[in-house]
Amino acid sequence: MTAGRDPADRDLSHWIAARRAEIDALLEARLPSSAGAVGAVGAVDPGRLGEAIRYSLLASGKRLRPLLALAAAEATGARLDDDAVRLACASVELVHCYSLIHDDLPAMDDDDFRRGQPSNHKVFGEATAILAGDALLTLAFEWLAEAGARSGRPADFLRAVRALARGGGMEGMVRGQARDLGEAPPVTLEGLERLHREKTAALFRAALEVGAAAGAADDATTGALARFGECYGVAFQHADDLDDADHPGHAAAARRRLGELLDEAVDRVREHLGDRAARLVALADELRRRSAGATA
Ligand code: GRG
């Protein structure tokens, strides 16, 4: 995400930079500290687990999911300087980061680099990387529970717990990952988008639902925000695929669908939130612009 030229772009860039700095500060402050090596006798040095968690989480992620959660919270009337709201929105980044660490493992996608640095297991070993992911996943729900307790309206945050568990779990990302690892690659656009919806978009959808819960949104508004997240997530994955498209026809199809999905995302939130959807609309437009620059 880069600074744009017109005032609306500049406003979005400032908003993103400010919110990202707040998320980074919260993550830095709230993470388990790095206890330092204690001299392991086995595959895991317990003293380095905190270091492994910080290594991946504090690396240069875009913080897109918590940003979208905050935009949804803002659109539904939450105060973004409220600690409970911030903690809840940041929890989505913990689930995302766990999924990246686990995805990079040799048993999964087997990647040596992530976020511009050697992947977690390359530095800390596989057992520690698995445990760092486990710790991040569980910490996300600890933060949501704490947010609920602090907020004085725990029922809203219980909805966030359910949304994040569903989006990150068997109804979403975990199922998508299983499908991706275990099934033949999809040959139809429909099959491809089902995979994108589960593996990538379910967590974006959950991010919007967490924001909606933090803003005490009603069911209809939550539904519109959830759909925004799903459309945005599938579009995001199409944009990511454009970088690797090896056939002009595939790139054209992905670009067309990306536009359609973002149109739907924008329509849904405008319908329910009117002008209050402006930030979400700007974030959708930013993805549209960014992907227009990707390989045709
Ligand atoms: C391990 C259950 C489990 C799931 C893994 C996240 C994931 C599922 C796989 C990672 C590989 C991949 C291509 C995911 C699609 C989504 C995607 C492009 C993730 C990267 O998200 P960004 O660009 O990353 O927001 P940063 O580092 O900026 O946060």
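Caption draft 1: Seen up close, empty space enclosed by the protein. Under the counting rule described, the total for this entry stands at three cavities of 30 Å³ or more. When its volume is computed, the largest cavity comes out at roughly 80 Å³. Every residue lining the largest cavity is counted, 13 residues in all, and those nearest its centre are S56, I101, D104, R114 and R115. Breaking the lining of the largest cavity down by element, the ones donating at least two residues are α2 (49–57), α4 (83–103) and β2 (117–118). Looking at the lining of the largest cavity, the element that brings in the most residues is α4, giving three residues. Classifying every residue of the lining of the largest cavity by side-chain character gives six nonpolar, four polar and three charged. Surrounding the second largest cavity, R19, E22, I23, L26, P66, L70, R86, C89 and A90 form its lining. When residues of the lining of the second largest cavity are traced back to their parent elements, those giving at least two are α1 (7–30), α3 (64–75) and α4.

Caption draft 2: Just the site of the ligand, in detail. Lining the immediate surroundings of the ligand are 17 residues, of which K62, R65, H96, R115 and Q237 lie closest. A distance of 2.6 Å is found between an oxygen atom of the ligand and a side-chain nitrogen or oxygen belonging to K62. Residue R65 places a side-chain N or O atom 2.8 Å away from an oxygen atom belonging to the ligand. Those elements that place two or more of their residues in the shell around the ligand are α4, α8 (173–182), α9 (189–214) and α10 (219–242). With five residues, α4 is the largest single contributor of residues to the shell around the ligand.

Caption draft 3: Representation of the layout of surface pockets in the model. By volume, the second largest pocket is sized at about 420 Å³. What lines the second largest pocket is a set of 18 residues, and nearest its centre among them are R162, A163, R166, R205 and E209. For the lining of the second largest pocket, the elements supplying multiple residues, two or more each, are α7 (154–168), α9 and α10. Among the elements that make up the lining of the second largest pocket, the one with the highest residue count is α9 (seven residues).

Caption draft 4: A look at the pattern of salt bridges. All chains considered together, the criterion is met by 33 salt bridges. A salt bridge links R205 to E209, with the shortest nitrogen-to-oxygen separation between them at 3.9 Å. Residue R205 and its partner E209 are located together in helix α9, separated by four residues, close to a single helical turn. R205 gets classed as partly exposed once you look at its relative accessible area, which sits at 29%. For E209, a relative accessible area of 18% corresponds to the buried category. For R256, the salt bridge goes to E260, with nearest N and O atoms at 3.1 Å. Linking R256 with E260, this pair stays in helix α11 (residues 248–273), spanning four residues, or about one helical turn.

Caption draft 5: Molecular detail of the nonpolar core. The biggest cluster of nonpolar side chains holds 82 residues, and the ones touching the most others in it are L68, L164, F228, Y232 and L280. When residues in this core are grouped by element, the largest group, twelve residues, is from α4.

Caption draft 6: A negative patch on the surface, seen in detail. Where like charges cluster on the molecular surface, the negative patch consists of D240, D243, D244 and D246. Assignment of secondary structure puts D244 in the loop between α10 and α11. With relative accessibility at 61%, the residue D244 sits in the exposed group.

Caption draft 7: Quick peek at α2. Of the positions making up α2, those classed as buried are G50, A52, I53, R54, S56 and L57. Those residues of α2 hidden inside the fold are in contact with α1, α4, β2, α5 (120–124) and α6 (126–151).

Caption draft 8: How the structure looks around the side chain of H102. Following the sequence through the fold, H102 ends up in helix α4. A polar side-chain atom of H102 sits 3.0 Å from the main-chain carbonyl oxygen of I130. If we ignore the near neighbours within four places in the chain, the residues touching H102 are M108, A129, I130, G133 and D134.

Caption draft 9: Focus on the environment of C231. Residue placement: C231 occurs in helix α10. Expressed as a C-alpha distance, the spacing of C231 and A284, which sit 53 residues apart in the sequence, is 9.7 Å. Among all residues touching C231, those that are not within four sequence positions of it are L261, E264 and A265.

Caption draft 10: Seen up close, the packing of α4 against α8. Running from amino to carboxyl end, α4 crosses α8 at an angle of 20°, the nearest separation of the two axes being 12 Å. One element, α4, and the other, α8, form an angle in the roughly parallel class. Of the two possible hands of crossing, α4 and α8 adopt the one that is right-handed. Facing α4, whose interface residues are V95, Y98, S99 and D103, α8 presents M173, V174 and Q177. Looking at side-chain class alone, the contact of α4 with α8 contains four nonpolar, two polar and one charged residues.

About the thresholds
- Within any chain, residue numbers begin from 1 and follow the written order of that chain's sequence.
- Under the rules for a predicted model, residues below a pLDDT of 70 receive no local features and side-chain atom pairs below 80 are neither given nor counted, while totals for whole chains, interfaces and linings still include all residues.
- Heavy atoms throughout the structure, all of them, feed into the side-chain values; hydrogens and water do not.
- Within this scheme a cavity is a closed region of a 1 Å grid, computed over the protein atoms alone, that accommodates a 1.4 Å probe without allowing it to escape, whereas a pocket is open but has protein on both sides within 12 Å along at least five of seven lines; lining residues each have an atom within 4 Å of a point.
- Grid points are joined across faces, edges and corners, and a volume is the space filled by probe spheres set on the points.
- Each helix is a run of H or I in the DSSP string that is no shorter than four residues. Each strand is a run of E no shorter than two, and both are numbered from the N terminus.
- Think of it as three bins: nonpolar holds Ala, Val, Leu, Ile, Met, Phe, Trp, Tyr, Cys and Pro, charged holds Asp, Glu, Lys and Arg, and polar takes everything else, Gly as well.
- For this description, a residue counts as near a given molecule or strand if any of its non-hydrogen atoms is within 4 Å of it.
- We call two N or O atoms a polar contact when they sit within 3.5 Å, provided that within protein one can donate a hydrogen and the other can accept it, with sequence-adjacent residues counted only if both atoms are side-chain atoms.
- For this analysis, a salt bridge means a side-chain nitrogen from Lys or Arg found within 4 Å of a carboxyl oxygen belonging to Asp or Glu.
- Partly exposed residues are those whose accessible area sits between 20% and 50% of the maximum for their type, while under 20% is buried and over 50% is exposed, using a 1.4 Å probe and protein chains only.
- For this analysis, a nonpolar core means a set of buried residues of the types Ala, Val, Leu, Ile, Met, Phe, Trp, Tyr and Cys, connected via side-chain atoms within 4.5 Å.
- Each patch is assembled from residues with relative accessible area greater than 30% and no salt bridge, linking like charges that lie within 9 Å and nonpolar side chains (Val, Leu, Ile, Met, Phe, Trp, Tyr) that lie within 5 Å.
- The method behind every accessible area is Shrake-Rupley, applied with a 1.4 Å probe, and residues are considered shielded solely by the protein chains displayed.
- Neither His nor the chain termini are counted; the positive set is Lys and Arg, and the negative set is Asp and Glu.
- One atom stands in for each charge, and that atom is NZ of Lys, CZ of Arg, CG of Asp or CD of Glu.
- Residues are treated as being in contact if the distance between any of their heavy atoms lies within 4.5 Å.
- All axes are obtained by fitting lines to C-alpha atoms, using only the stretch in contact for helices, and the reported angles, taken between N-to-C directions, cover 0 to 180 degrees.
- Small angles under 35 degrees read as roughly parallel and large ones over 145 as roughly antiparallel, with 65 to 115 read as roughly perpendicular and the rest as oblique.
- For any helix crossing, the convention is left-handed if the near helix is rotated counterclockwise from the far helix by under a right angle, and right-handed if that rotation is clockwise.

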